[in-house]
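Each chain, letter by letter, is given below.
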Amino acid sequence: MEDFNTGKYIEQRLQRAMAFLGPLRPGFVDFLTSPKKSTIVNFPVQMDDQSVRVFRGFRVLHSHVNGPGKGGIRYSPDLTYAEISALAALMTWKCALINVPFGGAKGGVCCDTKSLSENELRHITRRFISELGDNIGPHTDIPAPDLYTNEHTMGWIYDTYDIMHPGRNNRPVVTGKAIDLGGSLGRHDATGQGCLYATLRFLERIKPAGMKNLKNQRVAIQGYGNVGSAIARLFQNAGAIITGISDSQGGIYSEKGLDLDAINTYKQKNNTVVGLAETMSITNEDLLQLDCDILVPAATSHQIHHDNADKIKAKLVIEAGNAPVTPEANEILLSKDIIVMPDILMNAGGVTVSYFEWVQNNENQQWSLAEVNQKLNDKMVQATDIVISKWLSLNEMIIESNTKEQDEDKAKQLPVDLHTAALVVALHRLTVTIEERGIWP
Ligand code: GLU
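Reading the values: rules and limits
- Residues numbered from 1 in each chain as written.
- Predicted model: local features only at pLDDT ≥ 70, side-chain atom pairs only at ≥ 80, totals over all residues.
- Heavy atoms only, no water.
- Near = heavy atom within 4 Å.
- Polar contact = N/O pair within 3.5 Å; in protein donor to acceptor, adjacent residues only side chain to side chain.
- Areas by Shrake-Rupley, 256 points an atom, 1.4 Å probe, with all protein chains shown as cover.
- Helix = DSSP H or I, 4+ residues; strand = E, 2+ residues; numbered from the N terminus.
- Nonpolar A, V, L, I, M, F, W, Y, C, P; charged D, E, K, R; others polar.
- Salt bridge = Lys/Arg side-chain N within 4 Å of Asp/Glu carboxyl O.
- Buried < 20%, exposed > 50% of the residue type's maximum accessible area, 1.4 Å probe, protein only.
- Phe/Tyr/Trp six-rings, centres within 6.5 Å; stacked < 30°, edge-to-face > 60°.
- Pairing = 2+ DSSP bridges.
- Right-handed = clockwise from strand over helix to strand, strands pointing away.
- Core = buried A, V, L, I, M, F, W, Y, C linked by side-chain atoms within 4.5 Å.
- Contact = heavy atoms within 4.5 Å.
- Axes fitted to C-alpha atoms, helices over the stretch in contact; angles between N-to-C directions.

Some thoughts on the site of the ligand
The immediate surroundings of the ligand are formed by 14 residues, with K70, K94, P145, D146 and S354 found nearest. Interatomic distance of 2.7 Å between a side-chain N/O atom of D146 and a nitrogen atom of the ligand. Considered on its own, the ligand offers 300 Å² of accessible surface; in the complex 93% of this is hidden by protein. Within the residue set of the shell around the ligand, elements represented by two or more residues are β3 (69-75), α3 (81-98), β5 (141-145) and α12 (349-363). For the shell around the ligand, the per-class residue count stands at 4 nonpolar, 5 polar and 5 charged.

Here it is as structure tokens:
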């Protein structure tokens, strides 16, 4: 049985990429991997029934080599420090790959939002932010939405920080805010929009399994939160047929394509997509194994693993969530010629528009939606192109060395996946910056 541990996952991904980075100074890898600063707080909250409950919260600043820390705050009952710390490392790589001047960070509170009232959630958020104190700030570490947090949560974060630091422009302390509070147009859909831009560019350039664009491609999406629902709508507008969708309760399937308006109305009323008329109910596991062209895991980590990877039938897997495919599963998919498009590229649209929001807040500006989306498209296309170039060049190198290898006993090198190529680009940028800055003092 594979060990689903995000820390181990980060290490495995890193090790594979390191092989292509060239020699580094001794100890350099430790510097690249160790989180710079970790804050763990336990704090009391008065609940609606007047009882007191203690919550645990984390904020990990993984790296500030490229700029202030950046990354979401998630609310989830089974959050651990190890998970948050690994996700903070992913943010460092993502920001380096998409080339925004931020380091990486992540945070969260162990709580189940479904069993909490809005009042309790507001108290948890305010108390958590006050406990973090100056560990966050407009030029030190900037939170954003993540699993089970949204623009309301970001509004409370902004308000709390602003009350703690009166007399200055505090809007850039957090991104993903409501538009009235200085949020950016386009931020709500940014992760889905970025995913669409990168997918279209990849299909146009590589044409995997003959797919030149999204027209008539059958798409299955796991997760129907902010990211999954935006992807469903945007991919459908680009011509795809959304045949399967799931959420935490299960999934639905329709061979001729799902009616997204009907899903949205149904989900709002019933809190799930399961049971919608004229659809077939399936399990989350069935959804992953659907006969489709593109599979989009847009939910939690480690969904495609050693035990189910062999049953995936899609030709392309797009990682819209963070770390949905384990390293072992990645190898299995690679051996079946299924291409996996990596999370640090495919969901980087969110942090990219977060960066745009931060710039607008610092300059007291409001860009139009067209301007935001144009800039997002430019960033996603540039990053996709550089990952494709690295992927092609690393594979050429491997084919060359496999052909030169005369000794039959020596194992041939496996082809390089897009994950590794993306990480090589990100790590190269980080190592160059570290060397240029030097190690202080
Ligand atoms: N939580 C998102 C992510 O994992 C967005 C982070 C941000 O905008 O800072 O990429």
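Quick word on the pattern of salt bridges
For the structure shown, the criterion picks out 18 salt bridges. For R127, the salt bridge is made with E131, and the minimal N-O distance between the two is 2.9 Å. Placement of both R127 and E131 in helix α4 (residues 118-132) is noted, with a separation of 4 residues, approximately one turn of the helix. On the basis of relative accessible area, R127 is assigned to the partly exposed category, the value being 34%. For E131, a relative accessible area of 30% gives the class partly exposed. The partner of R218 in a salt bridge is D291, with the nearest N and O atoms 3.9 Å apart.

Quick look at unusual backbone geometry
Cis geometry is adopted by the peptide bond preceding P441, which originates at W440 and carries an omega value of 10°. Here P441 shows up in the segment after α14 (418-437). In the Ramachandran plot, N216 falls in the positive-phi region, its phi being about 65° despite a non-glycine side chain. Tracing the sequence through the fold places N216 in the loop between α6 (190-206) and β6 (218-222).

What about the packing of aromatic side chains?
Here the structure, examined in full by the defined rule, presents 9 aromatic pairs. Summarising the aromatic geometry, the rings of F202 and W391 are spaced 6.0 Å apart at their centres and angled 45° between planes, so their arrangement reads as tilted. Taken together, the residues F202 in helix α6 and W391 in helix α13 (residues 369-404) connect sequence positions 189 residues apart. Relative to W367, the ring of F356 has its centre 5.6 Å away and its plane inclined at 50°; by these criteria the two rings are tilted.

Observations concerning the pairing of strand β4 (residues 104-109)
Most of β4 sits out of view: 6 of its 6 residues are buried. Taking every second residue as pointing to the same face, both faces of β4 are buried, with G104, K106 and G108 on one and A105, G107 and V109 on the other. Sheet analysis places strand β2 (residues 52-63) next to β4, joined by 6 bridges and oriented antiparallel. Residue pairing in the sheet places F58 in a bridge with G108 of β4. Direction of pairing for β3 relative to β4: parallel, over a ladder of 3 bridges. Bridging across to β4, R74 finds its partner in G108. Regarding topology, α3 serves as the crossover connection from β3 to the parallel β4, and that connection is right-handed.

Some remarks on the nonpolar core
Ranked by internal contacts, the top residues of the largest apolar core, which has 90 residues, are W93, F235, I245 and L427. Apart from residues lying up to four places away in sequence, W93 is in contact with I10, R13, L14, I344, L423, A426, L427 and L430. With 23 residues, the next largest nonpolar core counts F43, I73, W156 and V174 among its residues.

Concerning the sheet that holds strand β9 (residues 280-282)
Two pairing modes exist for strands in a sheet, parallel and antiparallel, and in both the strands are linked by backbone hydrogen bonds. With respect to topology, 7 strands assemble into an open sheet ordered β9-β8-β7-β6-β10-β11-β12, the strand pairing being mixed. Each edge of the sheet is formed by a strand with only one pairing partner; in this case those strands are β9 and β12 (339-341). On average, adjacent strands in this sheet sit at an angle of 20° to one another, irrespective of strand direction. Bridge analysis of β6 against strand β7 (residues 241-247) gives 5 bridges, and the strand direction is parallel. Along β7, the bridge assignment pairs Q222 with S246. Across the face of the sheet, α6 comes into contact with β11 (316-318) and β12 while running at roughly 155° to β11.

Any functional reading would require information that these geometric values do not contain.
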